[in-house]
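Working through the structure, step by step
Listed here are the chains, written in short residue letters.
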Amino acid sequence: MSQDFLSHISSVLKGIEADGLYKREREITGPQSGRIKVKGASGERQMVNLCANNYLGLADNADIRKAAAAALDEFGFGMASVRFICGTQTLHRELEHAIADYLGKDDAILFAACFDANGALFEPLLGAEDAIISDSLNHASIIDGVRLSKAKRFRYAQGDMDDLETQLKQAAADGARFKLVVTDGVFSMDGHIAKLKQICDLAERYGAIVAVDDCHATGHIGDEGRGTPDLTGVGSRVDIVTGTLGKTLGGAMGGFIAASQPIIDLLRQRARPYLFSNSLAPAVAAGSLKAIEIARAADDLRTKLGRHTTRFREGLTQAGFTLLPGETPIIPVMLGDAVLAQRMAKALDERGVYVAGFFYPVVPQGKARIRTQMSAALDDQDITFAIDAFADAGKSLGII
Ligand SMILES: Cc1ncc(COP(=O)(O)O)c(C=O)c1O
């Protein structure tokens, strides 16, 4: 390999490091949970975990593990095939039916990840004559998926319904054949819930289709965890839902799109991440099926998650921190400066709390933060411990 090329790569890496943006991965030595064991220079440490998407705490659930282990024995380890060649087991169709039933849609289609589901959604359904109108804070996978389609792109300012209407009018004025509005259900960096009622009203007024990425909601928000369309009372007015099996629903991996039958049928024919990528592993499919069954009935876990969310918000506010307002288990502690966010993450690490600092380009310049996430795997003592650690670390750094 050319030395010039490797030197170029090394200088890019040095630039990332110099900008303070280099991400280092810490190693966890056991299962994902509310308390995790983390490898450190002086051995293994137990820490309270405030940054997993393990909202209902199902990532290490005994019944899910049992279902996955049984499928491993009955259906084998892997499929070694894409779905349409020889990669569809009864399990895959069962899981698709369970997702569709859960979200009130005709059918669902599985992907290796929601990143793939969002990458697959737009290109087969919309052409150059069509328009996609996307919230400016939408997840990276939506941005990439939109780029892969030939449809004309419009962007509206985050949650700004006047701007959404302006963009819908512009798309209509440009003669768009079909218009599709796409939004995250819960915005992962801020924890805000999309204004789905107003979005659906506007979409109906301008004849647009509505797609929602509900990765940070399915399983723990809404009745039975049916997500933001249920919570906001719009239900079936949302035409397409994309979601993940890698967060609340067991946290393994996998993504899906749920929608009406012709949409799913066309995606099975044309979606490239579906046609040209391996089938979900049987143990993941079986574990996810069990996770959906558990999540639907888990009002107790949703109540616990809500209790932690309220307590943690109140505790940090009383301690003097600035939080972004909201009602979801995503609680961003705003620090502004990227270096301060990193120092705060380190101070919390030293106090036994596992968090991650987020700064530009993941969030806008000057909006660096520690994004905390609540989980039903945490208990009340963990929340007290974490509030005390935040207060102590915040004082030591002069933040509060
Ligand atoms: C809003 C949103 N969409 C899509 C994804 C991708 O999901 P997956 O991990 O299944 O690829 C994520 C994960 O970070 C997300 O937060």
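Anyway, here's the lowdown on the structure attached to this text. (Residues numbered from 1 in each chain as written. Predicted model: local features only at pLDDT ≥ 70, side-chain atom pairs only at ≥ 80, totals over all residues. Heavy atoms only, no water.)

Some details on the site of the ligand
Near the ligand, the surroundings consist of 13 residues, among which C114, D213, H216, T244 and K247 are the closest. The backbone of C114 places a nitrogen or oxygen atom 2.8 Å from an oxygen atom of the ligand. The side chain of D213 places a nitrogen or oxygen atom 2.5 Å from a nitrogen atom of the ligand. For the ligand, the protein covers 81% of the area, taking 390 Å² as the surface of the free molecule. Per-element tally for the shell around the ligand: the top contributor is helix α5 (residues 114-125), with 3 residues. Grouping the amino acids of the shell around the ligand by side-chain chemistry returns 4 nonpolar, 6 polar and 3 charged. (Near = heavy atom within 4 Å. Polar contact = N/O pair within 3.5 Å; in protein donor to acceptor, adjacent residues only side chain to side chain. Areas by Shrake-Rupley, 256 points an atom, 1.4 Å probe, with all protein chains shown as cover. Helix = DSSP H or I, 4+ residues; strand = E, 2+ residues; numbered from the N terminus. Nonpolar A, V, L, I, M, F, W, Y, C, P; charged D, E, K, R; others polar.)

Here we look at the environment of V353
The residue V353 is located in strand β11 (residues 353-354) in this model. Look at V353 and you get buried, because its relative accessible area is 0%. Each C-alpha atom of the pair V353 and C51 lies 9.5 Å from the other, and the pair is 302 residues apart in sequence. (Buried < 20%, exposed > 50% of the residue type's maximum accessible area, 1.4 Å probe, protein only.)

Quick notes on the packing of aromatic side chains
The final tally for this structure, using the stated rule, is 3 aromatic pairs. Taking 5.8 Å as the distance between ring centres and 80° as the angle between the ring planes, the aromatic pair formed by F312 and F390 counts as edge-to-face. Pair noted here: F312 is in helix α13 (residues 299-319) and F390 is in helix α15 (residues 380-396), with a separation of 78 residues, a long-range link. In this pair, the class of F312 matches that of F390, namely buried. Every member of this aromatic cluster is reached through a ring pair, and the members are F312, F321 and F390. The ring of Y354 has R26 sitting right over it, with the charged end atom 3.7 Å from the ring centre. (Phe/Tyr/Trp six-rings, centres within 6.5 Å; stacked < 30°, edge-to-face > 60°. Lys NZ or Arg CZ within 6 Å of the ring centre and 35° of its normal.)

Things to note about a nonpolar patch on the surface
Taken together, M1, F5, L6, I9, V12, L13, I16 and Y22 make up a surface patch of nonpolar side chains, about 720 Å² in accessible area. Assignment of secondary structure puts I16 in helix α1 (residues 3-18). Judged by its relative accessible area of 32%, I16 falls in the partly exposed class. (Patch = residues over 30% accessible without salt bridge, like charges linked within 9 Å, V, L, I, M, F, W, Y side chains within 5 Å. Salt bridge = Lys/Arg side-chain N within 4 Å of Asp/Glu carboxyl O.)

What about the packing of helix α14 (residues 338-350) against α15?
Where α14 meets α15, the closest approach of the two axes is 9 Å, and the angle between their N-to-C directions is 130°. What the angle tells us is that α14 and α15 run oblique. Crossing of α14 over α15 shows right-handed handedness. Residues M344, A347 and L348 of α14 form the contact with α15, whose participating residues are A389, F390, A393 and G394. (Axes fitted to C-alpha atoms, helices over the stretch in contact; angles between N-to-C directions. Parallel < 35°, antiparallel > 145°, perpendicular 65-115°, else oblique. Left-handed = near helix turned anticlockwise from the far one by under 90°. Contact = heavy atoms within 4.5 Å.)

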